[in-house]
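Descriptive structure summary
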Amino acid sequence: MAITKEVISQLHKILGDKSVLVSKADLTAFSYDATSNWQGMPEIVLFPTDISQISRILALADRNGVPVTARGAGTNLSGGSIPVFGGIVLCTARMNRIIEIDAANFTATVEAGVVLNDFNRELAKQNLFFPPDPQSFLAATIGGCVAENSGGPYGLKYGVFKHYLLGMKAVLASGEIISLGGKTIKNVTGYDLPLLICGSEGTLAVVTQATLKLLPMPEARQTVLAVFNDIITANAAVSRILSKGIRPAKTELIDNWIIRRIEESAPLGLPVEAEAILLFELDGATETVRMETEKVVQMCYDAGAADVRQARDKKEADNFWTARRMGFSAIYGNAPTAMAEDVTVPMDKLPELMERVKRIGEKNDIMIVTMGHAGDGNLHPCILTDKKNPEHYARAQKTAQEIFDAALELNGVISGEHGIGLEKKKYLKKAMSPEAIELLKKIKTVFDPNGILNPGKIWE
Amino acid sequence: MIDQKMKIDPDRCMKCGFCMSVCPVYDIDHIENHVARGRNVLVRMVRDGELSLEDDYRRCLYSCLLCRRCDAVCPANLSPAEITLGARNEVIEKKGMSWLQNIIYNGILSKRSMVARFVGLAGLIPGLSVKGGRPLRHLADMASFIPGALSLPKLSSRPLRKRVSAVTKPSAGVKEKGEVAVFPGCMYEYFLPDIGEDIIVSLAKAGFSVVLPEGLNCCGLSMHNAGDFKTSSLLASRNIEALASYDHVITGCATCGSALKDYHKWFSEEDPMYGRAVEFSKKVSDFSEFLVKHGFRAEGSSSEPMTVTYHDPCHLRLHQGVYEAPRELLSSIDGVKYVEMENADACCGLGGSFSIAHKEVSQAIQSKKMESIKNSGAQAVVTSCPGCMFYLAHGIRRNRLPVEVMHISRLTRGDNRID
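We now turn to the structure provided with this report. Nothing here was measured: the structure is a model prediction, and the numbers come from that model.

What counts as what
Residues numbered from 1 in each chain as written. Chains lettered and ligands numbered in written order. Predicted model: local features only at pLDDT ≥ 70, side-chain atom pairs only at ≥ 80, totals over all residues. Helix = DSSP H or I, 4+ residues; strand = E, 2+ residues; numbered from the N terminus. Buried ≥ 20, exposed ≤ 12 C-beta atoms within 10 Å, placed from the backbone. Contact = placed C-beta atoms within 7 Å. Pairing = 2+ DSSP bridges. Axes fitted to C-alpha atoms, helices over the stretch in contact; angles between N-to-C directions. Parallel < 35°, antiparallel > 145°, perpendicular 65-115°, else oblique. Left-handed = near helix turned anticlockwise from the far one by under 90°. Nonpolar A, V, L, I, M, F, W, Y, C, P; charged D, E, K, R; others polar.

**Some remarks on the overall build of chain B**
The helix and strand tally for chain B stands at 22 helices and nine strands. Counting all 419 residues of chain B, 55% fall into the buried class. Long-range contacts, defined here as pairs at least 24 residues apart, represent 75% of the contacts in chain B between residues at least 6 apart.

Dropping the structure here:
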């Protein structure tokens, strides 16, 4: 339903003109996320600055049946923040206050629009650390991360967003404001509602504030880069390291294609002949890190690494990690359309999944570039295609479908960290039983009876 | 390899959002089409006929400071700044310029000193001028400042050319090191000639014979940034011509420096000027960059030690990659205690006409800078750009800070200053 003039004028009254955008050029800028093939125009973009405004906006939208899609920085990779049914984009980016850093209790309370990287910079001043690290952390907001249950390379050792979420403030579709959870690590008071909202992709409530668990900053960090002549050996090295009881903070894998692109666009001195690179970060007490580094280096050589380097200093370590982060960008920058998948399998099935992905690509004659979190079984096979070429694009979609099938056959999941959003909703039926999907829908109805919150996402 | 054409292909933007983490404008207003990611999408849609050159599109194009922070972080190696400039040029080609831009740009092209005099005279009219003038980077910025603020900078009664001779000999007793030409730009020529003098005297003290060449014009950056490539390349040609016989061209204006060093990008490779522009750009140095390269040591000062901090102009740090040199210079001066402020390379918020068109955002950026300056505890904030100087001074007045703003050449010149 199109938004009425009356509703628009009331929204102006709630927020003031400076927090409302309606021109086509403005709306367009909130019609996409970080995926390359989805777009949907909102009818109005709102920048609330406090929770009571959000409450009034939602109550108004609910009464009038106007869709509301909450959005932080829009750096998500699922189509999840795209307003496919128009209506309101509710951008929380201007709610960016860090309300409290409670060093004594190792918690922090922040507004939804706080940028993850800014948050960690503030924490570092007090020697504190918040591990979940989606690779969009430079721009991604905490609200978006909670809604998407984001994670990144630190996942293996430190877990993802949901492992740090102690409490939240949120607004229901009706406009009701709810406070959930608290500041304690242990809390079994009724159903764990913060965890239900975490990862719900903005379909259950609008998160306005989160209370998060913090860790002390590790005393030492060491980055190790290991070069392998084939991907299978690289994976064998990871299994060996993990089975010896070492938990690297990060264990990342990048393949030859990405190594070459990185070296072309911003040379970091990576070996361009290598089939695969593993990038480890070890962290903890200085002595432990030193010992574990030695073991990791040795075990990589034992598994057949061609070369293993320890980052000489922080600068070199940063360079290596920048290369990893640039991986996705390198992919997108070199293909008209890139489908960044994020299938995840039990750790020991990863080599088999990679083998299968390779075969699927060859069979369909589609270029697949691979990077991923080798330690936790989360793989990012990126399918390079061009959506303007229907024949090629159809083959690419078939390729994606086959990769999902492979992951499911290996007891894995179709998305480890990006979420379902629009990108994978047609595959949900394969990944969840009809009963389970029915349960999702019923939960949705309880939270949002009129279906105004981020409609059109997760299931078909 | 990534070539120039790929650098300006908005299709290659993957919307990763890295630009959002460094954009001073997005940091304040969080409006997506004020940051590279959003603008890239709009430029692409206009190209594909999905969006017209409506007013809001133009607002988005001109909401950019052109600081080039996004260029520096883009993992796809795009230059969003060049994309924006290209789009501005397209708008001007299709829609033309404002009448005021036409008058002022053409005036500068044909008779720059007269424009300066006119501005100066107008500035004498009560109510039209404020003490010290409003922030201004170039004469050409008038085109947006006049309707925006109706307040003009004070024209100096004697332009630089009337204050110094055409050639300033190396100071007595120093080893002679050769000849350099100074490019003063509009600001040091007409509005802040004392800084022009400080620059020339400093270079003479460093052992150089300093020429103030005839026939120089505005560097053209304002016109180029507005999208008027025709005027800017004409100005570039004239300056290249006027400076043809010199091996070293020195400027103490970060903005002019960024233009002069970029002249080769202002001509297509087919243009007969291209080759000359490439050669020309190589001989341009920023003032501090040049002095450090030639081992300049400032004379000791007898006065009380002064605590100073340095503000990095975007046009120096990001456009020219000059970062260490001014710090080295300042740290080497006796009687100067250098302290680094937090976020020294954060933008001052001016961005030429940006500060008028987007006053609130501009002043919010400025306020962050003021906070850093205040926390540094410095008595003076030193910089290398007249635009930054004006805007820092404006912020300091607004915030009532006990801090002086000065150009780096005032300190390198030392004590023997005759005011």
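That covers the picture; the talk isn't over yet.
**Here we look at the overall build of chain A**
Scanning chain A from terminus to terminus reveals 15 helices and 18 strands. By its C-alpha atoms, chain A is 70 × 60 × 45 Å across when sized along the principal axes. Excluding contacts between residues fewer than 6 apart, the proportion of contacts in chain A whose partners are at least 24 apart in sequence is 71%.

**Comments concerning the pairing of strand β6 (residues 107–111) of chain A**
Residues and elements named next belong to chain A. Counting buried positions along β6 yields four of five residues, so the element is predominantly enclosed. Sheet topology note: the strand β5 (residues 98–102)/β6 ladder contains four bridges and is antiparallel. Looking across to β6, one finds that E100 is bridged to T109. Between β5 and β6, which pair antiparallel in sequence order, lie four residues; one of them, F106, sits at a positive phi of approximately 55 degrees. Note that β6 and strand β10 (residues 206–213) share five bridges and pair antiparallel. Among the inter-strand pairings, V110 is bridged to a residue of β10, identified as A210.

**Description of the packing of helix α8 (residues 231–243) of chain A against helix α10 (residues 286–303) of chain A**
Residue and element names in this part refer to chain A. Two elements in contact, α8 and α10, have axes whose closest approach is 9 Å; the angle formed by their N-to-C orientations is 135 degrees. With respect to each other, α8 and α10 are oriented oblique. Of the two elements, α8 crosses α10, and the hand of that crossing is right-handed. Together, T233, A236, A237, R240 and I241 of α8 and V296, M299, C300, D302 and A303 of α10 make up the contact between the two elements.

**Quick word on the sheet that holds strand β2 (residues 44–46) of chain A**
All names here are of chain A. In spatial order, the strands read β1-β2-β4-β3; together these four strands make up an open sheet with mixed pairing. Of all the strands in the sheet, the pair left with one neighbour each is β1 (20–21) and β3 (68–71). As defined by bridge partners, β3 adjoins strand β4 (residues 88–91) across four bridges and the pair is classed as parallel. Note that in β4 the partner of T69 across the bridge is V89. Together, β1 and β2 form the strand contacts of helix α1 (residues 5–15), whose direction differs from that of β2 by roughly 15 degrees. Strand contacts of helix α3 (residues 51–64): β2, β3 and β4, with the helix running at about 165 degrees to β4, the strand carrying the most contacts.

**Section: the interface of chain B and chain A**
Put simply, an interface is often sized by how much accessible area is lost when its parts join up. Contacts between the two partners involve 27 residues from chain B and, on the opposite side, 31 residues from chain A. Listed by contribution, the elements that provide at least two residues to the side of chain B that touches chain A are α3 (36–47) and α4 (55–61) of chain B. If one sorts the elements of the side of chain B that touches chain A by residue count, α3(B) sits on top with four residues. Looking at side-chain class alone, the side of chain B that touches chain A contains 15 nonpolar, six polar and six charged residues.

Everything listed here is a matter of geometry and, on its own, says nothing about what the molecule does.
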